[in-house]
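For reference, the chains in residue letters:
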Amino acid sequence: MRKKVILVCEECLSRNYTTTKNPQKDSERIEVKKFCPKCNKHTLHKETK
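Bear in mind the structure is a predicted one, so any value in this text is a computation, not a measurement.

*Asks:* How should I be thinking about unusual backbone geometry in this particular structure?
*Replies:* Keep in mind that most residues, glycine aside, have a negative phi and that most peptide bonds are trans. A positive phi angle is found at leucine 13, which is not glycine, with a value near 60°. If you trace the backbone, leucine 13 turns up in the loop between β1 (3-9) and β2 (15-21). Judged by its relative accessible area of 60%, leucine 13 falls in the exposed class. Positive phi values are uncommon outside glycine, yet asparagine 40 reaches one of about 65°. Here asparagine 40 shows up in the loop between β3 (31-36) and β4 (41-47).

As structure tokens, then:
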């Protein structure tokens, strides 16, 4: 079963995106470079706990 996760911006710490992942296949946390509307630029977004 897929698990819902929240992605948070590394610079301003705003929670901008939600996505899903398979915890059986992906055990480590997701890191994706996405656009942050608050920073108004592309930044690294990491999965929260």
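*Asks:* Can you walk me through the sheet that holds β1 in this structure?
*Replies:* Sheet strands pair by backbone hydrogen bonding; their relative direction is either parallel or antiparallel. One open sheet holds the four strands; their spatial order is β2-β1-β4-β3, and the pairing between them is antiparallel. Edge strands, defined here as strands with exactly one partner in the open sheet, are β2 and β3. Looking at each pair of strands side by side, their axes are set apart by 40° on average, direction ignored. Bridge count between β1 and β4: three bridges; the pairing is antiparallel. Across the sheet, the residue bridging to cysteine 9 is histidine 45, located in β4.

*Asks:* Please clarify how the side chain of serine 14 should be interpreted in this entry.
*Replies:* By the element assignment, serine 14 lies in the loop between β1 and β2. Taking relative accessible area as the criterion, serine 14 reaches 13% and is therefore assigned buried. At 3.1 Å, the side chain of serine 14 forms a polar contact with the side chain of asparagine 16. Beyond its immediate chain neighbours, meaning those up to four positions away, serine 14 contacts Leu7, Val8, Cys9, Cys36 and Lys38.

Calculation criteria
- Residues numbered from 1 in each chain as written.
- Predicted model: local features only at pLDDT ≥ 70, side-chain atom pairs only at ≥ 80, totals over all residues.
- Heavy atoms only, no water.
- Helix = DSSP H or I, 4+ residues; strand = E, 2+ residues; numbered from the N terminus.
- Buried < 20%, exposed > 50% of the residue type's maximum accessible area, 1.4 Å probe, protein only.
- Pairing = 2+ DSSP bridges.
- Axes fitted to C-alpha atoms, helices over the stretch in contact; angles between N-to-C directions.
- Polar contact = N/O pair within 3.5 Å; in protein donor to acceptor, adjacent residues only side chain to side chain.
- Contact = heavy atoms within 4.5 Å.

Such coordinate-based values are descriptive only and should not be taken to indicate function.
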